[in-house]
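Observations on the three-dimensional arrangement
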Amino acid sequence: MLKRFRKIWSRELVRPLIHRAFTRLIWGLFLTLFVAFLVSRSGGRDLRAAFMAVYALICLTGAWLSHLQMDGLKLPRLDWLRSKIDRKRPARGRGDMIDFVDEEIRDYENLDGEERYLVLCLADLINAVLFLLLSLFLRP
């Protein structure tokens, strides 16, 4: 498994990996804290740690599905859902940083299939580890 990851990995994938991991981290923090707030306001206990552990399990499931897709599994509805969620941003009228960089920067949308799945798998694994650690340290 690690040999395959090393074969696909390149330095160009760092930027999309950081973008995906950070975006999923922010969304995960927002969703878990919001749901925990709603539950605690309705008279329940403070379940932040439990919701963070559940989100970590969701991230692990996403990483597992991305790994299976690298092995050739086809999930057409999952790709359709990802295309709906990951909308392209509109073109801006002002200049971009790419105008001043000689090296070509590849966005997530320009990656190949295996590279996309590798970035998704690693981003989900990073978030799963972070949320598992947060859920262990946030015990009431």
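Everything that follows concerns the structure shown earlier in this document.
First, a word on scope: everything that follows refers to the structure included in this document. Numbers given to residues run from 1 along each chain, matching the order in which its sequence is written. Since the coordinates come from a predicted model, pLDDT governs what is reported: local features require at least 70, and pairs of side-chain atoms require 80 or more to be given and counted, while whole-chain, interface and lining totals use all residues. The basis for every side-chain value is the complete set of heavy atoms in the structure, and neither hydrogens nor water enter the calculation.

The way it works is that DSSP assigns letters per residue, a run of H or I at least four long becomes a helix, a run of E at least two long becomes a strand, and they are numbered from the N terminus. Within the protein chain, the secondary structure is distributed over 5 helices and 0 strands. Across the protein chain, helices and strands are ordered from the amino to the carboxyl terminus as α-α-α-α-α. Within the protein chain, the proportion of its 140 residues that are buried is 26%. Throughout, a residue-residue contact means that at least one pair of heavy atoms, one from each residue, lies within 4.5 Å. In the protein chain, once contacts between residues fewer than 6 apart in sequence are set aside, the share between residues at least 24 apart is 73%. Partly exposed residues are those whose accessible area sits between 20% and 50% of the maximum for their type, while under 20% is buried and over 50% is exposed, using a 1.4 Å probe and protein chains only.

This part takes up helix H2 (residues 14–41). Given the number of residues in a helix, its expected span is that number minus one, multiplied by 1.5 Å. The terminal C-alpha atoms of H2 lie 40 Å apart, and with 28 residues this matches the ideal 40 Å at 1.5 Å per residue to within 8%. Listed in full, the buried residues belonging to H2 are Pro16, Leu17, Arg20, Ala21, Gly28, Thr32 and Ala36. Where the residues of H2 are buried, they touch helix H3 (48–70) and helix H5 (113–137).

The next subject is the packing of H2 against H5. Between H2 and H5, the least distance of the axes is 9 Å, while the angle of their chain directions is 40°. Classified by the angle between their axes, H2 and H5 sit oblique to one another. Classified by chirality, the crossing of H5 by H2 is right-handed. Contacts between H2 and H5 involve Pro16, Leu17, Arg20, Ala21, Arg24, Leu25, Gly28, Leu29 and Thr32 from the first element and Val119, Leu120, Leu122, Ala123, Asp124, Ile126, Asn127, Leu130, Phe131 and Leu134 from the second. Any residue outside Ala, Val, Leu, Ile, Met, Phe, Trp, Tyr, Cys, Pro, Asp, Glu, Lys and Arg is labelled polar, Gly included; the first ten of those are nonpolar and the last four are charged. Taken together, the residues of the contact of H2 with H5 sort by class into 13 nonpolar, 3 polar and 3 charged. What counts as an axis is a line fitted to C-alpha atoms, over the stretch in contact for a helix, and the angles between N-to-C directions run from 0 to 180 degrees. Any angle that is under 35 degrees is reported as roughly parallel, and any over 145 degrees as roughly antiparallel; angles of 65 to 115 degrees are reported as roughly perpendicular and all others as oblique. Less than a right angle of anticlockwise turn of the near helix away from the far helix marks a crossing as left-handed, whereas a clockwise turn marks it as right-handed.

A patch consists of residues exposed above 30% relative accessible area that lack any salt bridge, with like charges linked at up to 9 Å and nonpolar side chains (Val, Leu, Ile, Met, Phe, Trp, Tyr) linked at up to 5 Å. All accessible areas in this document rest on Shrake-Rupley with a 1.4 Å probe, and a residue is counted as covered only by the protein chains that are shown. Here a salt bridge means any side-chain nitrogen of Lys or Arg lying within 4 Å of a carboxyl oxygen belonging to Asp or Glu. A contiguous nonpolar surface patch, about 690 Å² in accessible area, is contributed by Trp27, Phe30, Leu31, Phe34, Val35, Phe37 and Leu38. Along the chain, Phe37 falls in helix H2.

Three- or four-residue spacings in an α-helix give side chains the same orientation, since the helix completes a turn every 3.6 residues. Here H5 is 25 residues long and its end C-alpha atoms lie 36 Å apart, about the 36 Å a rise of 1.5 Å per residue gives. Here H5 has its buried residues at Glu115, Tyr117, Leu118, Val119, Leu120, Cys121, Ala123, Asp124, Asn127, Ala128, Phe131 and Ser135.

Pairing of aromatic rings covers Phe, Tyr and the six-membered ring of Trp, with a centre-to-centre limit of 6.5 Å; geometry is then stacked below 30 degrees between planes, edge-to-face above 60, and tilted otherwise. One pass over the structure, following the stated rule, counts 3 aromatic pairs. Ring plane angle 80° and centroid distance 6.2 Å describe the contact between Trp27 and Phe30, whose orientation is recorded as edge-to-face. Of the two residues, Trp27 and Phe30 are both situated in helix H2; the distance of 3 residues between them amounts to about one turn of the helix. According to the relative accessible area criterion, Phe30 is partly exposed, its value standing at 48%. For the pair Tyr55 and Phe131, a centre-to-centre distance of 4.8 Å together with 70° between the ring planes defines the contact as edge-to-face. On the criterion of sequence distance, the pair formed by Tyr55 in helix H3 and Phe131 in helix H5 is long-range, its members being 76 residues apart. The class of Tyr55 is buried, set by a relative accessible area of 14%. You can call Phe131 buried: its relative accessible area is 0%. Connected via pairs of aromatic rings, a cluster forms that spans Trp27, Phe30 and Phe34.

Another aspect to go through is the environment of Leu111. Tracing the sequence through the fold places Leu111 in the loop between helix H4 (76–85) and H5. Judged by relative accessible area, which is 7%, Leu111 ranks as buried.

Tallied over the entire structure, the rule returns 1 salt bridge. Here Arg24 ties to Asp124 by a salt bridge, and the two come within 2.7 Å at their closest N and O atoms. Residue Arg24 is located in helix H2, and its partner Asp124 is located in helix H5; the two are separated by 100 residues in the primary sequence. Judged by its relative accessible area of 22%, Arg24 falls in the partly exposed class. Owing to a relative accessible area of 4%, Asp124 belongs among the buried residues under this scheme.

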